[in-house]
Number of protein chains: 2
Amino acid sequence: MPQLPTYDDVAAAAQRLQGQAHRTPVLRSSTADRLLGAQVFFKCENLQRMGAFKFRGAYNSLAKFSPAQRKAGVIAFSSGNHAQAIALSARLLGIPATILMPLDAPQAKMDATRGYGGEVITFDRYTQDREQLTVQLAAERGLTLIPPFDHPDVMAGQGTAAKELLEETGPLDALFVPLGGGGLLSGTALSVRALAPQCKLYGVEPEAGNDGQQSLRAGRIIDIPTPKTLADGAQTQHLGKLTFEVIRRDADDILTASDAQLVEAMRFFAERMKMVVEPTGCLGFAAARHAGLPLAGLRVGVIVSGGNVDLARYAQLIGANAS
Amino acid sequence: MPQLPTYDDVAAAAQRLQGQAHRTPVLRSSTADRLLGAQVFFKCENLQRMGAFKFRGAYNSLAKFSPAQRKAGVIAFSSGNHAQAIALSARLLGIPATILMPLDAPQAKMDATRGYGGEVITFDRYTQDREQLTVQLAAERGLTLIPPFDHPDVMAGQGTAAKELLEETGPLDALFVPLGGGGLLSGTALSVRALAPQCKLYGVEPEAGNDGQQSLRAGRIIDIPTPKTLADGAQTQHLGKLTFEVIRRDADDILTASDAQLVEAMRFFAERMKMVVEPTGCLGFAAARHAGLPLAGLRVGVIVSGGNVDLARYAQLIGANAS
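Scoring rules and cut-offs
- Residues numbered from 1 in each chain as written.
- Chains lettered and ligands numbered in written order.
- Predicted model: local features only at pLDDT ≥ 70, side-chain atom pairs only at ≥ 80, totals over all residues.
- Heavy atoms only, no water.
- Helix = DSSP H or I, 4+ residues; strand = E, 2+ residues; numbered from the N terminus.
- Rg over C-alpha atoms; globule rule 2.2 N^0.38 Å.
- Buried < 20%, exposed > 50% of the residue type's maximum accessible area, 1.4 Å probe, protein only.
- Least-squares fit on C-alpha atoms with pLDDT ≥ 70 in both.
- Contact = heavy atoms within 4.5 Å.
- Arc of directions from axis to C-beta.
- Salt bridge = Lys/Arg side-chain N within 4 Å of Asp/Glu carboxyl O.
- Polar contact = N/O pair within 3.5 Å; in protein donor to acceptor, adjacent residues only side chain to side chain.
- Nonpolar A, V, L, I, M, F, W, Y, C, P; charged D, E, K, R; others polar.
- Pairing = 2+ DSSP bridges.
- Phe/Tyr/Trp six-rings, centres within 6.5 Å; stacked < 30°, edge-to-face > 60°.
- Lys NZ or Arg CZ within 6 Å of the ring centre and 35° of its normal.
- Axes fitted to C-alpha atoms, helices over the stretch in contact; angles between N-to-C directions.
- Parallel < 35°, antiparallel > 145°, perpendicular 65-115°, else oblique.
- pLDDT = per-residue confidence, 0-100.
- Core = buried A, V, L, I, M, F, W, Y, C linked by side-chain atoms within 4.5 Å.
- Right-handed = clockwise from strand over helix to strand, strands pointing away.

Draft legend 1. Main features of the overall build of chain A. Across its full length, chain A holds 14 helices and ten strands. Taking 2.2 N^0.38 as the reference for a compact globule, 323 residues should give roughly 20 Å; the C-alpha atoms of chain A span a radius of gyration of 18 Å, in line with that estimate. Summarising its shape, the C-alpha atoms of chain A cover approximately 55 × 45 × 40 Å along the three principal directions. Classification of the 323 residues of chain A by burial places 61% in the buried group.

Draft legend 2. Seen up close, the relation of the copies chain B and chain A. Of the two same-sequence chains, chain B is brought onto chain A (RMSD 0.0 Å, axial shift 0.0 Å) by a rotation of 180°. Seen this way, the second copy is the image of the first under a two-fold rotation axis. Interface overlap between copies is the fraction of interface residues in one copy that are interface residues in the other; for chain B against chain A it reaches 100%, indicating a shared surface.

Draft legend 3. Structural view of helix α6 (residues 107-115) of chain B. Residue and element names in this part refer to chain B. Looking only at α6, the buried set comprises Lys109, Met110 and Thr113. Considered in projection along α6, the buried side chains sweep an arc of 100° and stay on one side of the axis. Seen from the buried face of α6, the exposed residues on the opposite side, beyond 90 degrees, are Gln107 and Gly115. Looking one or two places after α6, you find Gly117, whose phi comes out positive at around 95°.

Draft legend 4. Expanded view of the interface of chain B and chain A. With 29 residues of chain B at the interface, the matching set in chain A holds 29 residues. One can count zero salt bridges joining chain B with chain A. Where chain B meets chain A, there are six residue pairs in polar contact (both at pLDDT 80 or more). Only α12 (259-273) and α14 (311-319) of chain B provide two or more residues apiece to the side of chain B that touches chain A. A per-element tally of the side of chain B that touches chain A places α14 of chain B first, with six residues. When the residues that make up the side of chain B that touches chain A are grouped by side-chain class, the tally is 14 nonpolar, seven polar and eight charged.

Draft legend 5. The arrangement of the sheet that holds strand β1 (residues 26-27) of chain A in detail. Residue and element names in this part refer to chain A. Sheet architecture is open: six strands sit in the order β1-β2-β10-β7-β8-β9, paired in mixed fashion. Each end of this open sheet is capped by a strand with a single partner; those strands are β1 and β9 (253-257). Here six bridges tie strand β2 (residues 39-44) to strand β10 (residues 299-304), and the two strands are oriented parallel to one another. Note that in β10 the partner of Cys44 across the bridge is Val304.

Draft legend 6. Summary view of the sheet that holds strand β4 (residues 97-102) of chain A. All names here are of chain A. Strand order across the open sheet formed by four strands is β5-β4-β3-β6, with parallel pairing between neighbours. Here the strands that pair on one side only, and so sit at the sheet edges, are β5 (119-123) and β6 (144-145). Sheet topology note: the β4/β5 ladder contains five bridges and is parallel. Paired with Thr98 across the bridge in β5 is Glu119.

Draft legend 7. Structural context of the packing of aromatic side chains. Residue and element names in this part refer to chain A. Inspection of every chain in the model, using the stated rule, returns 14 aromatic pairs over all chains. Plain terms: the ring middles of Phe42 and Phe269 are 5.6 Å apart, the flat faces sit at 85° to each other, and that makes the pair edge-to-face. Within this pair, whereas Phe42 is found in strand β2, its partner Phe269 is found in helix α12 (residues 259-273), the two being separated by 227 residues in sequence. Take Phe42 and Phe269: they sit in the same class, and that class is buried. Here Phe42 and Phe285 contribute two aromatic rings whose centre-to-centre distance is 5.3 Å and whose plane-to-plane angle is 65°, an arrangement assigned as edge-to-face. Of this pair, Phe42 sits in strand β2 while Phe285 sits in helix α13 (residues 283-290), and the two are 243 residues apart along the sequence. Judged by its relative accessible area of 0%, Phe42 falls in the buried class. Between the NZ or CZ atom of Arg28 and the centre of the ring of Phe41, over which it lies, the distance is 4.2 Å.

Draft legend 8. Geometry of the pattern of salt bridges. Residue and element names in this part refer to chain A. Inspection of every chain in the model, using the stated rule, returns 26 salt bridges over all chains. The partner of Arg28 in a salt bridge is Asp33, with the nearest N and O atoms 2.9 Å apart. Several salt bridges share partner residues, and in doing so they unite Lys43, Glu45, Arg56 and Glu164 into one network.

Draft legend 9. Spatial organisation of the packing of α12 of chain B against α14 of chain B. All names here are of chain B. In contact at an axis separation of 9 Å, α12 and α14 are set at 95° when each is read in the N-to-C sense. Taken as axis vectors, α12 and α14 run roughly perpendicular relative to one another. Seen from α12, the contacting residues are Val263, Met266, Arg267 and Ala270; seen from α14, they are Tyr314, Leu317 and Ile318. When the residues that make up the contact of α12 with α14 are grouped by side-chain class, the tally is six nonpolar, no polar and one charged.

Draft legend 10. Expanded view of the environment of Ala63 of chain A. Residues and elements named next belong to chain A. Considering the arrangement of structural elements, one finds Ala63 in helix α3 (residues 54-63). As for Ala63 and Met155, which are separated by 92 residues in sequence, their C-alpha atoms are 14 Å apart. Residues in contact with Ala63, not counting those within four places in the same chain, are Arg16, Arg70 and Leu93.

Draft legend 11. Highlighting unusual backbone geometry. Notably, Met50 of chain A is not glycine yet its phi reads approximately 50°, a positive angle. Considering the arrangement of structural elements, one finds Met50 of chain A in the loop between β2 and α3. Assessed through its relative accessible area of 9%, Met50 of chain A is described here as buried. Unlike most non-glycine residues, Lys274 of chain B shows phi in positive territory, near 60°. In this structure, Lys274 of chain B sits in the loop between α12 and α13 (283-290).

Draft legend 12. Molecular detail of the confidence of the model for chain A. Taken over all residues, the pLDDT of chain A has a mean of 94, while the share at 70 or more is 99%. For this predicted complex, the interface confidence comes out at an ipTM of 0.92, alongside a pTM of 0.94.

Draft legend 13. Structural context of the nonpolar core. Residues Phe269 of chain A together with Phe269 of chain B are the most contacted members of the largest nonpolar core, which totals 87 residues. Once you skip the residues sitting within four places of it in the chain, Phe269 of chain A turns out to touch Phe42, Lys274, Met275, Val277, Cys282, Phe285 and Val304 of chain A.

Draft legend 14. Structural context of the pairing of strand β8 (residues 200-206) of chain B. Extensive coverage of β8 of chain B is indicated by the burial of six of its seven residues. With respect to chirality, the unit in which strand β7 (residues 174-178) of chain B leads through helix α9 (residues 183-195) of chain B into the neighbouring parallel β8 of chain B is right-handed.

Draft legend 15. Spatial organisation of the pairing of strand β4 (residues 97-102) of chain B. Residues and elements named next belong to chain B. Taken across its six residues, β4 has six buried, putting it largely inside the fold. Where strand β3 (residues 74-77) and β4 come together, four bridges link them in parallel fashion. By the bridge assignment, Ile75 is partnered in β4 with Thr98. As a crossover connection, the stretch from β3 through helix α5 (residues 81-93) into β4 is right-handed. Handedness of the crossover joining β4 and strand β5 (residues 119-123) through α6: right-handed.

Shown next as structure tokens:
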């Protein structure tokens, strides 16, 4: 197992990201403050380049490539934000990018990835083994694989969002972070333990896919079938080996939010904060609001992780039964 | 006619607004840059308190009240953002607020205004004269009237958005600003002429209601019937006496945008910048994109004025024919 990243790696990532990633705004809402009885600080990674925090980890990883790695190129597999993050970062750094996507991935996501200059290779996920295909392609072409979360450079890059947040707000009492494979939560943990050691740190998963919660309680990584949830960015089946180690060392607990709570939060963000947030990006606020933790009078951070949601689908979700 | 406000009034307003108004973020989008062949800076007043720049002018006006005025209270007429801006500002300053709204104003807007602590008085706009009713109420109760745009303190307050923008970006080559009654454009003009005198300044109206454009060309205020347009914040029938004087002195031109262009821009903001923007708030970007001005290679500012749009209506507008 590679060494776990440290806060020094996050600080180094922040240097690499300067002028490349947006320093996203920390927004406030008096309605959110009232709902929670707390001071709430939203770190808005939906306003990050390509619409999600994923750009941070992808760019940091690629920026560390050796000249030989740069020349040969990067390979990634993803049907979501990681694909676009790698494609965009690779273009900015002049590195060829190959992205493996399932044949039935949404056309819009394939187009977006190609739009950023990535070469998309499709596979049939019912007959072909993705990992094997990736390893084979990587070997044939000499490509470096950057996985979506379980990689020290990805984790360190994701940690820069919380670093920016805490530098702007000062110490917080609690921080709520969406949790899929654990890249964002583990990176955040490095920043929190360095900059605000007393802050309670909570990962938040979809109710239907609480493998992280189960893993934390069992003390080992638990595997689940792909969960059915609106939070498509958190449909991972298990945490990573590295992310789990950091999370179990540094996170205080893992909470869950229901799909109904995510839709409520999506509407809240649209109506009160004028932001488009994807279901996965709503996990933190949904749990802060509904998980029953005593937050009154506290300074509470919420990481809004992304805003990439198909527009027609988004309209459907916020429009239905809206007042 | 009261004296026209100056940039000194804008600077004084900025002092009053410190810690009260959000310093809204200036956001970038590489897609917008590509579309315009320019560097585009969006000043996001949809992320302002109560969802629009209107808070700036309202708060500035009320903060200047004498003790006697504060005690007696403020009166305003509006069915839109100005009502909420006055109600919220009044609550923050402990001033009683009376808001005159048409009987058939959307329930959501009445509720929002009441939610901020304002007393809503309704009138029948087919049988009752609004101005007369306002003057009568103001006299009876000793209230101070703050109109939605044609007032030096309102204009100076609105100018603080452009002041913040220019302080953050440095000089711009062109700036596009939504135009209804002219409060935002005239206030912006004061900041632009003081901080970036070479910057071209454009007001943008809905195509269906180009009274400002007509007025600028005629050299006098032109009155039109209430225009039919999605841009409900720019359905004014004429500019104000004060706003017109500043606009004809300081603005370079007035452009228009069609409703179809506004919807296109709403979708752009949702899809690429993850922001909810109301139709009126889209005027600036729509004209920057479609009015045919040569912007290639320039540094271009766009004021996104607000994000207050009924959620069901919004979902309808961005969802229809969305990919």
